[in-house]
Amino acid sequence: RPRRVHAAHWSRTCPIYFLTMQTALALALLAPAAAFVAPAPASTGVKVQETKADLEALAVKLNPVVGYYDPLGLADADFWGRGNEYTIGWLRHAEIKHGRV
């Protein structure tokens, strides 16, 4: 008759038990190390200010058949009273963010 092994003994001698414990220990030790990571440097991105004339020139260059097409007149809009260039930049950012450009 085969010898029966107690369940608690089996769980401690199983290779998966050691792998799980090693993984848990490694994660527990690495979590506090994240506190010592240097902060990311401030982005020095280029601030793009486009005017309606820039949009018209770009539209003709990219699609000479259609050219400039703004049926809603959004290039002339002034959202939140911050200026036309701000509105064009905000709309352009929204188009890029949502994958429409």
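Our subject is the structure listed above.
Residues numbered from 1 in each chain as written. Predicted model: local features only at pLDDT ≥ 70, side-chain atom pairs only at ≥ 80, totals over all residues. Heavy atoms only, no water.

## Looking at the overall build of the chain
Part 1 of the reasoning: The secondary structure content of the chain amounts to four helices and zero strands.
Part 2 of the reasoning: A buried classification covers 10% of the 101 residues belonging to the chain.
Part 3 of the reasoning: A separation of at least 24 residues holds for 30% of the contacts in the chain among residues at least 6 apart in sequence.
Part 4 of the reasoning: A total of about 9000 Å² of accessible surface is found on the chain, and carbon and sulfur atoms cover 64% of it. (Helix = DSSP H or I, 4+ residues; strand = E, 2+ residues; numbered from the N terminus. Buried < 20%, exposed > 50% of the residue type's maximum accessible area, 1.4 Å probe, protein only. Contact = heavy atoms within 4.5 Å. Areas by Shrake-Rupley, 256 points an atom, 1.4 Å probe, with all protein chains shown as cover.)

## Brief notes about the packing of aromatic side chains
Part 1 of the reasoning: Summed over the entire model, instances satisfying the criterion amount to four aromatic pairs.
Part 2 of the reasoning: Ring centres of Phe-79 and Trp-90 lie 5.8 Å apart, and the angle between their planes is 75°; on these two criteria the pair is classed as edge-to-face. Highlighted residues: Phe-79 in the loop between α3 (52-62) and α4 (84-97) and Trp-90 in helix α4, separated in sequence by 11 residues.
Part 3 of the reasoning: Classification of Phe-79 as partly exposed rests on a relative accessible area of 23%. (Phe/Tyr/Trp six-rings, centres within 6.5 Å; stacked < 30°, edge-to-face > 60°.)

## Here we look at a nonpolar patch on the surface
Part 1 of the reasoning: A cluster of nonpolar side chains, Val-65, Val-66 and Tyr-69, forms an exposed patch at the surface whose accessible area comes to about 390 Å².
Part 2 of the reasoning: Note that Val-66 resides in the loop between α3 and α4. (Patch = residues over 30% accessible without salt bridge, like charges linked within 9 Å, V, L, I, M, F, W, Y side chains within 5 Å. Salt bridge = Lys/Arg side-chain N within 4 Å of Asp/Glu carboxyl O.)

## A few points about the environment of Glu-85
Part 1 of the reasoning: Relative to the elements of secondary structure, Glu-85 occurs in helix α4.
Part 2 of the reasoning: Considered as a pair, Glu-85 and Lys-52 are 33 residues apart in the sequence and their alpha carbons are 8.1 Å apart.

## Side note on the layout of surface pockets
Part 1 of the reasoning: Empty space within the largest pocket amounts to approximately 720 Å³.
Part 2 of the reasoning: Going through the elements one at a time, α3 and α4 are the ones with two or more residues in the lining of the largest pocket.
Part 3 of the reasoning: Residue classes in the lining of the largest pocket are distributed as 14 nonpolar, two polar and four charged. (1 Å grid on protein atoms, 1.4 Å probe; cavity = no way out; pocket = protein on both sides within 12 Å on 5 of 7 lines; lining within 4 Å. Points joined across faces, edges and corners; volume = space filled by probe spheres on them. Nonpolar A, V, L, I, M, F, W, Y, C, P; charged D, E, K, R; others polar.)

## What about unusual backbone geometry?
Part 1 of the reasoning: Not every positive phi belongs to a glycine, and Trp-80 is a case in point at roughly 60°.
Part 2 of the reasoning: With a relative accessible area of 57%, Trp-80 lands in the exposed category.

## Some details on the pattern of salt bridges
Pairing between side chains becomes possible if they bear opposite charge and their charged atoms approach one another.
Part 1 of the reasoning: Counted by the stated rule, this structure contains two salt bridges.
Part 2 of the reasoning: Here Glu-50 and Arg-92 are joined by a salt bridge, their closest N and O atoms 3.6 Å apart. In this pair, Glu-50 sits in the loop between α2 (15-30) and α3 while Arg-92 sits in helix α4, placing the two residues 42 residues apart along the sequence.
Part 3 of the reasoning: Classification of Glu-50 as buried rests on a relative accessible area of 15%.
Part 4 of the reasoning: On the basis of relative accessibility, which here comes to 30%, the residue Arg-92 falls in the partly exposed class.
Part 5 of the reasoning: Asp-76 serves as the salt-bridge partner of Lys-52, at 3.2 Å between the closest nitrogen and oxygen. In this pair, Lys-52 sits in helix α3 while Asp-76 sits in the loop between α3 and α4, placing the two residues 24 residues apart along the sequence.

Interpretation in functional terms is not warranted from these geometric data alone.
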